[in-house]
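Structural overview for review
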Amino acid sequence: MISALRAPLRRTAVQASRSLRASAQPVARQYSTAPAAKSNTGLWIGLGAAVAAGGGYYLYAKDLTPAEAGKEAATAGKTGVAIAKSAAGFKPSKEDYQKVYNRIAEIMEVDGYDDNSYGPVLVRLAWHSSGTYDKETKTGGSNYATMRFAPESLHAANNGLNVARAVMEKVKQEFPWITYGDLWTLAGVTAIQEMGGPKIPWRPGRIDGFEKDVTPDGRLPDATQAQDHLRHIFYRMGFDDQEIVALSGAHALGRCHPDRSGFEGPWTFSPTSVTNEYFKLLLDEKWVWRKWNGPKQYQDKKTGTLMMLPTDYALIQDKKFKEWVVKYAKDEELFFKDFSKVIAKLFELGVPEKQWATEPWIMDST
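This text gives an overview of the structure that appears in the document. This one's a predicted model, so the numbers in the text were calculated from it and none came from an experiment. (Residues numbered from 1 in each chain as written. Predicted model: local features only at pLDDT ≥ 70, side-chain atom pairs only at ≥ 80, totals over all residues. Heavy atoms only, no water.)

**So, the overall build of the chain**
The test is simple: Only DSSP runs of H or I with at least four residues qualify as helices, and only runs of E with at least two residues qualify as strands; both kinds are numbered from the N terminus onward. Whether a residue is buried, partly exposed or exposed follows from its accessible area with a 1.4 Å probe, protein chains only, as a fraction of its type maximum: under 20%, in between, or over 50%, in that order. We call two residues contacting when some pair of their heavy atoms lies within 4.5 Å. For accessible areas, the Shrake-Rupley method is used with a probe of radius 1.4 Å. Any residue's cover is judged against the shown protein chains and nothing else.
Each helix and strand in the chain was counted, giving 14 helices and 5 strands. Taken over 366 residues, the chain has a buried fraction of 55%. Look at the contacts in the chain between residues 6 or more apart in sequence, and 74% of them connect residues 24 or more apart. Summed over its atoms, the accessible surface of the chain is roughly 15800 Å², and 54% of this surface lies on carbon and sulfur atoms.

Right under this line is the structure:
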């Protein structure tokens, strides 16, 4: 009964948040969650032992014989679960990944954390673990989940993501067969969909790398910069101007913290709901420099409770960017369509085509 009430209550909360733009108070979703389902079978336990023995690496391959799987695992430098998969004949299905999705959805809401939800920080984890891709060197991206290692885990842009990684580690213990790269990106998909956003195509296939695969600092956006910097960062990943603006719409979610980024505050009045309010607020509110001891950021003149970063405000200072801000502010359906496409692209950056286990799926919302 409780489980059946979750989705209707979530939809009601999301719809309500879209009508509360004039309110100065952030809106947190409220709904009950069902108890966690038992999912650790004997097979999962066996695979978990293999993870511990082999360093937690899982290799996906299509239609390989045990000998071929062993050869490919050795070639890729991956052990443990790859061998267990071959020996046990285990190949995760969409249903298996749906169980992971459902578990993430169950633990997403929490009292005492930002707006009572881990959702925004899970999106940020998926985003930052994917946004290190360099199309020229073909390094970085979601494939190796290198934020598990220092110094990448300690990069300033990743401050606070230890919270999200710790939350996901609990899910990893329940489903030890899933790779970190797949887990983190699936968490991003889960959070977006469960917070009222569009359906995001997603598929498994990422493998977990080593400390040597860690990416250098400076590949993620610097919020103190402007449009030239945005283009430099996102063009390096393979995105164009329209995609840059669409991805920026993720700032409808969450808030900044002085002890992490140095900035402070939410972008919107409903930081746990995916909407096009970010674009509307950029255009409709008057933004002024905040007078404080922190880094330069904007605040809305009307309430003083919202913020925009210099990189946000750059979107309406640049003519080409602003065209898309205007379009998305007027048409949430268009934003959802474009956001779904580009966030799916982001989450697949750095993954060789041969690694994909399937065509993209649409995971069921809870």
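After presenting the structure, the write-up continues.
**A few points about the pattern of salt bridges**
Stated precisely, the cut-off is as follows: Any carboxyl oxygen of Asp or Glu within 4 Å of a side-chain nitrogen of Lys or Arg constitutes a salt bridge here.
A full pass over the atoms with the stated rule returns 13 salt bridges. The partner of D182 in a salt bridge is R206, and the shortest N-O contact between them spans 2.7 Å. Of this pair, D182 sits in helix 8 (residues 180–194) while R206 sits in the loop between helix 8 and helix 9 (227–237), and the two are 24 residues apart along the sequence. Among the residues examined, R206 registers a relative accessible area of 0% and is labelled buried. Across the pair R231 and D318 runs a salt bridge, and its minimum N-O distance is 2.9 Å. One end of the pair, R231, is in helix 9; the other, D318, is in the loop between helix 12 (310–317) and helix 13 (319–330), and 87 residues separate them in sequence.

**Here's the deal with the sheet that holds strand 4 (residues 298–300)**
Put simply, the test is: In short, DSSP must find at least two bridges between two strands for them to pair. Each axis is a line fitted through C-alpha atoms, taken for helices only over the stretch in contact, and angles between the N-to-C directions span 0 to 180 degrees.
Taking strand neighbours across the sheet as the criterion, the 3 strands line up as 3-4-5 in an open arrangement whose pairing is antiparallel. Among the strands making up the open sheet, the edge pair consists of strand 3 (287–289) and strand 5 (307–308). Where strand 3 meets strand 4, 3 bridges bridge the pair, whose relative direction is antiparallel. Note on strand 4: the bridge partner recorded for W287 is D300. Its contacts with the sheet place helix 12 against strand 3, strand 4 and strand 5, and it is angled at close to 75° to strand 4.

**Some points on the nonpolar core**
In globular proteins that are soluble, nonpolar side chains generally tend to be buried together. Let me state the cut-off plainly: The set of buried Ala, Val, Leu, Ile, Met, Phe, Trp, Tyr and Cys residues whose side-chain atoms join them within 4.5 Å is what this entry labels a nonpolar core.
Counting residues in hydrophobic clusters, the biggest one holds 84 residues, and the most contacted among them are V100, L122, M168, F234, I343 and L346. Apart from the residues lying within four places of it in its own chain, the contact partners of V100 are V171, F175, W177, I178, L183 and L186.

**A word on unusual backbone geometry**
For the bond from A150 to P151, the omega torsion is 5°, close enough to zero to count as cis. In this structure, P151 sits in the loop between helix 6 (119–130) and helix 7 (161–174). Even without being glycine, K138 reaches a positive phi, approximately 55°.

**Concerning the layout of surface pockets**
One water molecule sets the probe size; rolling that probe over the atoms shows where empty space is left. Rules: For cavity detection a 1 Å grid was placed over the protein atoms alone, and a set of points counts as a cavity when a 1.4 Å probe fits there but cannot get out; an open set counts as a pocket when protein lies on both sides within 12 Å along at least five of seven lines, with lining residues being those that have an atom within 4 Å of a point. Grid points are joined across faces, edges and corners, and a volume is the space filled by probe spheres set on the points. In this count, Pro and Cys sit with the nonpolar residues alongside Ala, Val, Leu, Ile, Met, Phe, Trp and Tyr, while Asp, Glu, Lys and Arg are called charged and the others, Gly among them, polar.
By volume, the largest pocket amounts to about 1100 Å³. Taken together, 44 residues line the largest pocket, and the ones lying closest to its centre are R124, H128, A157, H251 and L309. Of all elements in the fold, only helix 6, helix 9, helix 10 (241–248), strand 1 (255–256) and helix 12 reach the threshold of two or more residues within the lining of the largest pocket. Sort the elements by how many residues they give to the lining of the largest pocket and helix 6 lands first, with 6 residues. Within the lining of the largest pocket, the residues separate by chemical class into 21 nonpolar, 14 polar and 9 charged.

**Quick notes on the packing of aromatic side chains**
Test applied: Here a Phe, Tyr or Trp ring, Trp counted by its six-membered ring, pairs with any other such ring whose centre lies within 6.5 Å, and the pair is stacked when the planes are under 30 degrees apart, edge-to-face when over 60, and tilted otherwise.
Across all of its chains, the model carries 18 aromatic pairs by this definition. For the ring pair F279 and Y328, a centre distance of 5.4 Å and an interplane angle of 50° mean the geometry is tilted. In this pair, F279 is assigned in helix 11 (residues 277–284) and Y328 in helix 13, connecting sequence segments 49 residues apart. Neither residue differs from the other here; F279 and Y328 are each classed as buried. Relative to Y298, the ring of W289 has its centre 4.0 Å away and its plane inclined at 20°; by these criteria the two rings are stacked. Here W289 falls in the partly exposed class, since its relative accessible area comes to 39%. Taking relative accessible area as the criterion, Y298 reaches 8% and is therefore assigned buried.

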